[in-house]
Each structure stands twice: as C-alpha cells, then as structure tokens.
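So the chains spell out like this:
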Amino acid sequence: MTLALLFPGQGSQSVGMGAALADAFASAREVYAEIDDALGQKLSLLMREGPEDQLTLTENAQPALMAVSLAAARVLKVEFCVDVSRAAFVAGHSLGEYSALCAAGSITLADTARLLKLRGQAMQRAVPVGRGAMASLIGPKTDLALAEAAAAAGSEVGVCVVANDNNAGNIVISGDKAAVDRAIEKAKELGARAIPLNVSAPFHCPLMQAAADEMAEALSDARIVAPSIAVVANITARPETDPEVIRRLLVEQVTGRVRWRESMEWMAGQDSGEGGVTRFAEIGSGKVLTGMAKRIVPDAESGALNTPEELEAFVKSF
C-alpha cells in the first residue's frame, strides 16, 4: 500500500474544529499552544468556541486549518509512532500546501502560522470587498475545457480565470465580479450549473498580485529547508523538494491555479515500485479532499483523519 497525506484548504473550517484532538491528547494541545504563542492570539479558543464569523475570516481560517492538520500529524507521531515520512507524498489544497510543508519539516510550525496569518491578511487587502467574485461550476458536463471557455467569455469584460481545478464536475473560477457573472452565464449555456461562492476575495487569480508581492517579501526572509518527503505543489502538480523552488512556487500560488485534479492523478499514476498511490488520507478538518479523491481516483482507498477514533483506526490498518 502506497500512502499520500492530503492537507485541506479554506472552506473546511468549523467551530469546534480540532477540539476532540485537544481533549484527548497533550501533543495536540502543545501544537495549539505553540501556534497561539507564535501569533500572539488565542486562536485555539476561537477554533473551539467561535464565533463563526471570526473563525471564517481568511486571516484566522488559514492558520486554524493548519493547526488542526499539524495537531493530527503530531498525534500520529507522538501517540502512535507513525511519522509523516511514512507517506510517499504529501500535498495540500491552497493554504494546505503550507501545512504539508510544515508536516514534512520544510518550514517550522511557528513560521508556518505567521506566514498563513500574513497570507490571509494580504489576500483580504489585495482587492476591495465587492469588486471580486468566485463561482463553482459543477455537474457532469463540467470539465476543464468548459471552465476555460466560460472564463474566456468572462475575460471579455474583466479578469476571469480558472482558480481551482478540483475534479471533473467541480471547477472554480475567480476574478472581477462582472467577469465572473458573464462566465456564469456562459457556463450555463454550455451545460454546467454555477454556484456563486460566499468568499471575501477572488483567490487564485491575477487580482491577487498585491498579495503575491507581500508574500514574496515575507517568504524571502523565511527559512525553508528541503522537506523530508516530496511535496506535490499546486502550481506544477509535481513533487518539489528544492527549497528555492518551493519558495518561488508559494508566491506563484497566490495568483495561480490550484491544479488539484492533476496532482491527484499524478500521485495515483506514479510508478513507485508497486505502482502509484493506492491510499489517500486527508489529515485535518473536514472531508472535502476525501470526497474529491473518491471522484478523481475511485479505485484508491481514501478517508479522513480528524478525530481520535479516525486516527486510531488508521494506525491499526496501516
């Protein structure tokens, strides 16, 4: 069995996230305390008690999701003697790429928390509220070609690009509100359903360039070392281990496409002795990536690791 660990991105947050891990394991509480200290705020209390509108703020949701993922990874290592390095690959969706890098030892926990706090703030500052929009194109007819055609139609009146290629039947577009509205109409003409997303900014599109510039400055001073295992990058959909390449790709990721479907397909098809990855485990809050895995690589085993019971069952089956 060849394993890949997946780290979730924004949208998987919820009040109470990670509380069961903290209640059950001192190692999880230690992770939350380290992050609270690094940020100078009681993020762990916000995660446990809310309020929801504060937790869902981009600057809080991003480090909070990382916190749960890294707490689960720490529990696996300390309580069950299963290190992340037992996986063949790690990958994270958008902000989850930072979680994956931290879990693989490329960036320290404190630095990851601070970088994600800044990333969330920078992304919110980059575009005035109301100017941008995002929409999910869904349905059996939805594929990358349809999404790109819809985005091209939107581009006639403003910025509009494919932001997240999640899986066939679920692709997200992002850009100027007028352009996204035009793209939605085109997508419907082509046979897709379109759902406007309740987001605070148009992520993963050229409108985020100011945020990318801020992250370039922050990342230039960050210590990044080679990860203990290959991290499949959003921008290239291929494993990366060179610290300077990782640094550059994290900047490009702010405005670039999340190539999640391609990343998953690459891992599942990669020739690695016994073949490609046959088991995907989503480590952290929610089960969004588990659902995507089941649609992209239905022959592989997939499941979530975000409760003590799920972690214990995983270890027994490993």
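Residues numbered from 1 in each chain as written. Predicted model: local features only at pLDDT ≥ 70, side-chain atom pairs only at ≥ 80, totals over all residues. Heavy atoms only, no water.

Student: Any chance you could explain the sheet that holds strand β6 (residues 193-196) here in plain terms?
Tutor: With antiparallel pairing, the four strands of this open sheet are ordered in space as β4-β5-β3-β6. The sheet terminates laterally at β4 (160-167) and β6, the two strands that pair on one side only. Strand-to-strand, the axes of this sheet are offset by a mean angle of 25 degrees, without reference to chain direction. The pairing of strand β3 (residues 132-138) with β6 spans four bridges and is antiparallel. Counterpart to Ala135 in the pairing with β6 is Pro196. Docked against the sheet, helix α13 (residues 288-296) engages β4 and β5 (170-176), running at close to 80 degrees with respect to β4. (Pairing = 2+ DSSP bridges. Helix = DSSP H or I, 4+ residues; strand = E, 2+ residues; numbered from the N terminus. Axes fitted to C-alpha atoms, helices over the stretch in contact; angles between N-to-C directions. Contact = heavy atoms within 4.5 Å.)

Student: Before we go on, may I ask you to explain the environment of Ser136 in this structure?
Tutor: Mapped onto the elements, Ser136 comes out in strand β3. Under the relative-accessibility criterion, Ser136 is labelled buried at 10%. Sequence-wise, Ser136 and Arg193 are 57 residues apart; in three dimensions their C-alpha atoms are separated by 8.2 Å. A polar contact of 3.2 Å, which involves the side chain of Ser136, links it to the side chain of Asn170. (Buried < 20%, exposed > 50% of the residue type's maximum accessible area, 1.4 Å probe, protein only. Polar contact = N/O pair within 3.5 Å; in protein donor to acceptor, adjacent residues only side chain to side chain.)

Student: Explain helix α6 (residues 96-103) here, please?
Tutor: In an α-helix, one full turn covers 3.6 residues, which means residues spaced three or four apart are oriented alike. The buried fraction of α6 is high, at eight of eight residues. Within α6, burial applies to Gly96, Glu97, Tyr98, Ser99, Ala100, Leu101, Cys102 and Ala103. Positive phi appears at Gly105, one or two residues downstream of α6, with a value of about 80 degrees.

Student: Even after reading the chapter, I still don't get the sheet that holds strand β8 (residues 239-240), so can you show me in this structure?
Tutor: By way of backbone hydrogen bonds, the strands of a sheet pair with one another, either parallel or antiparallel. One open sheet accounts for six strands, arranged β8-β7-β2-β1-β9-β10; its pairing is mixed. Of all the strands in the sheet, the pair left with one neighbour each is β8 and β10 (301-305). Sheet analysis places strand β2 (residues 89-92) next to strand β7 (residues 231-232), joined by two bridges and oriented parallel. Looking at β7, one finds that Val90 is bridged to Val231. Across the sheet, α6 is in contact with β1 (3-7), β2 and β7; its angle to β2 comes to roughly 150 degrees.

Student: Any chance you could explain the packing of aromatic side chains here in plain terms?
Tutor: The geometry of an aromatic ring pair is captured by two quantities: the separation of the ring centres and the angle between the planes. Under the definition given, this model contains two aromatic pairs. Aromatic side chains Phe25 and Phe80 sit 6.1 Å apart centroid to centroid with 75 degrees between the ring planes, which places their arrangement in the edge-to-face category. Of the two residues, Phe25 sits in the loop between α1 (19-24) and α2 (26-39) while Phe80 sits in helix α5 (residues 58-80), which places them 55 residues apart along the sequence. What makes Phe25 buried here is its relative accessible area of 12%. Considering the side-chain rings of Phe89 and Trp266, the 5.2 Å spacing of their centres and the 70 degrees angle between planes classify their relative orientation as edge-to-face. You can see Phe89 sitting in strand β2 and its partner Trp266 sitting in helix α12 (residues 260-269), a full 177 residues away along the chain. (Phe/Tyr/Trp six-rings, centres within 6.5 Å; stacked < 30°, edge-to-face > 60°.)

Student: Could you clarify how one ought to interpret the pattern of salt bridges in this entry?
Tutor: Pairing is possible between side chains that carry opposite charge, provided their charged atoms lie close to one another. Summed over the entire model, instances satisfying the criterion amount to 19 salt bridges. We note a salt bridge from Arg131 to Asp176, for which the minimum N-O separation is 2.9 Å. Highlighted residues: Arg131 in the loop between α7 (109-126) and β3 and Asp176 in strand β5, separated in sequence by 45 residues. Exposure remark for Arg131: the relative accessible area of 42% places this residue in the partly exposed category. Note on Asp176: relative accessible area 11%, which makes it buried. The salt bridge partner of Glu265 is Arg261, with a shortest N-O separation of 3.2 Å. Here the residue Glu265 and the residue Arg261 both occupy positions in helix α12, the gap between them amounting to four residues, near one helical turn. With a relative accessible area of 39%, Glu265 lands in the partly exposed category. Given a relative accessible area of 18%, Arg261 falls into the buried group. Within the structure, one salt-bridge network assembled from shared partners comprises Asp165, Arg261 and Glu265. (Salt bridge = Lys/Arg side-chain N within 4 Å of Asp/Glu carboxyl O.)

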